[in-house]
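Structural description and commentary
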Amino acid sequence: MRRRPVGLANARHRERLDRDYQQVGDSIAAQELQQLQKQMETFKANLQEFAQKHRKDIRKDPTFRAHFQKMCANIGVDPLASNKGFWADLLGVGDFYYELGIQIIEACITSRSSDGGLTELAEIMRRIKTMRGMDTKQQITEDDMIRAIKTLKPLSGGYQVLQIGDKKLVRSIPKELDKDQTTLLLLAQKEGYVTFDMVYRELGWNKERIVAATTHLLQDGIAWIDSFEGIDSYWIPSYFPLQISLN
């Protein structure tokens, strides 16, 4: 009787072992996935119960609301990004952020012709508090503002929070700032304005680049020009609170 080569027998044996290991591994993975899905369903059910029980606290208390949002994130639930606002409505946070989003739009529009649609986040918060008057039942925080602005993304209005240096600015126009514009806005934070000499001294740009960048700021309404004794200063109104009536 002819004997099979030892090498071939070993190879086939290893193939069978590999298949067996794969089947066992797939079975364990399926069980773990099923168990994880059950745990997530339990977590979400508990989250729903918690939200319904503390609905008023979530809306009124900013600290409580922030902890609640963190708890949602820990189990993979984003109320504001969920399909058709299902979780937002179910958990009672949708109305709060959608209402705040509308107020943010109103606050941005009031100064768009003056600041080119680029306004400090702190200034937007101040205007909204003025809108709300003496209503202190619903305090808002910077975190609330940022979350509410994210809900405005489907409107395609360009609403976005930009971090430039140590300032957070709200952009409310569908136009991106280019690199040079952003750099000048960062430089202007020192004095509230920039001049040709400042840009040349700090950044080393040539005249053509400075003219192009400052011209774009002026065209977009992000900067105002002030000429004094032959020196042009490009002021950034976003860095100065404007006295605007919100009534």
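These notes cover the structure that comes with them. (Residues numbered from 1 in each chain as written. Predicted model: local features only at pLDDT ≥ 70, side-chain atom pairs only at ≥ 80, totals over all residues. Heavy atoms only, no water.)

1. What about the sheet that holds strand 4 (residues 193-195)?
Sheets are built from strands that pair by backbone hydrogen bonding, the pairs being arranged parallel or antiparallel. Taken in spatial order, the three strands of this open sheet run 4-6-5, and their pairing is antiparallel. On the outer flanks of this sheet lie strand 4 and strand 5 (224-228), each paired with one strand and no other. Across the sheet, the mean angle from the axis of one strand to that of its neighbour is 30°, orientation sign disregarded. Bridge count for strand 5 against strand 6 (residues 231-235) is five bridges, and the pairing is antiparallel. Pairing of Asp226 across the sheet is with Ser233, part of strand 6. Packed on one face of the sheet, helix 10 (residues 196-203) meets strand 4 and strand 6 and runs near 85° to strand 4. (Pairing = 2+ DSSP bridges. Helix = DSSP H or I, 4+ residues; strand = E, 2+ residues; numbered from the N terminus. Axes fitted to C-alpha atoms, helices over the stretch in contact; angles between N-to-C directions. Contact = heavy atoms within 4.5 Å.)

2. As for helix 7 (residues 121-132)
Here helix 7 contains twelve residues, and its C-alpha end-to-end distance of 17 Å stays within 8% of the 16 Å for a straight helix at 1.5 Å per residue. Among the residues making up helix 7, those that are buried are Leu121, Glu123, Ile124, Met125, Arg127, Ile128 and Arg132. Trailing helix 7 by a residue or two, Gly133 shows a phi angle of about 60°, which is positive. (Expected span 1.5 Å × (residues − 1). Buried < 20%, exposed > 50% of the residue type's maximum accessible area, 1.4 Å probe, protein only.)

3. What to know about the sheet that holds strand 2 (residues 160-164)
Sheet architecture is open: three strands sit in the order 1-3-2, paired in antiparallel fashion. Each edge of the open sheet is held by one strand with a lone partner, namely strand 1 (118-120) and strand 2. When strand polarity is set aside, the average angle formed by the axes of neighbouring strands in this sheet is 35°. Note that strand 1 and strand 3 (residues 167-171) share three bridges and pair antiparallel. Within the sheet, the bridge partner assigned to Glu120 lies in strand 3 and is Leu169. Each of strand 1 and strand 3 touches helix 7; the most contacted strand, strand 1, lies at about 75° to it.

4. Considerations on the packing of aromatic side chains
Summed over all chains, the structure comprises three aromatic pairs. Ring geometry for Tyr193 versus Trp235: centroids 4.5 Å apart, planes at 40°, classification tilted. Placement of the pair is Tyr193 in strand 4 and Trp235 in strand 6, with a sequence separation of 42 residues. Among the aromatic residues, ring-to-ring pairing joins Tyr193, Trp235 and Phe240 into one connected group. (Phe/Tyr/Trp six-rings, centres within 6.5 Å; stacked < 30°, edge-to-face > 60°.)

5. Regarding the side chain of Gln181
Residue placement: Gln181 occurs in helix 9 (residues 179-187). Among the residues examined, Gln181 registers a relative accessible area of 2% and is labelled buried. Engagement of the side chain of Gln181 in a polar contact is seen with the side chain of Asp220, the distance being 2.9 Å. Discounting chain neighbours no more than four positions away, the residues touching Gln181 are Glu176, Ala213, His216, Leu217 and Asp220. (Polar contact = N/O pair within 3.5 Å; in protein donor to acceptor, adjacent residues only side chain to side chain.)

6. Here we look at the pairing of strand 2
The sheet contact formed by strand 2 and strand 3 spans five bridges and is antiparallel. Bridging across to strand 3, Ile164 finds its partner in Lys167. Taking the residues between adjacent antiparallel strands as the criterion, strand 2 and strand 3 are bridged by two residues, where Gly165 takes a positive phi near 65°.

7. What about the packing of helix 9 against helix 10?
Interhelical geometry of helix 9 versus helix 10 gives an angle of 100° and a closest axis separation of 11 Å. Accordingly, the angle class assigned to the pair helix 9 and helix 10 is roughly perpendicular. The segment helix 9 lies against helix 10, with Thr183, Leu184 and Leu187 engaging Met198, Val199, Glu202 and Leu203. For the contact of helix 9 with helix 10, the class distribution of residues is five nonpolar, one polar and one charged. (Parallel < 35°, antiparallel > 145°, perpendicular 65-115°, else oblique. Nonpolar A, V, L, I, M, F, W, Y, C, P; charged D, E, K, R; others polar.)

8. Quick notes on the nonpolar core
Across soluble globular proteins, you tend to see nonpolar side chains buried next to one another. Counting residues in hydrophobic clusters, the biggest one holds 21 residues, and the most contacted among them are Leu118, Leu177, Leu185, Val194 and Val199. For this core, the elements supplying multiple residues, two or more each, are strand 2, helix 9, helix 10 and helix 11 (207-219). The contacts of Val199, once residues within four sequence positions are left out, are Leu184, Leu187, Val194, Gly204, Trp205 and Ile210. By size, the runner-up hydrophobic cluster in this structure holds 18 residues, among which are Phe96, Ala107, Met145 and Ile149. (Core = buried A, V, L, I, M, F, W, Y, C linked by side-chain atoms within 4.5 Å.)

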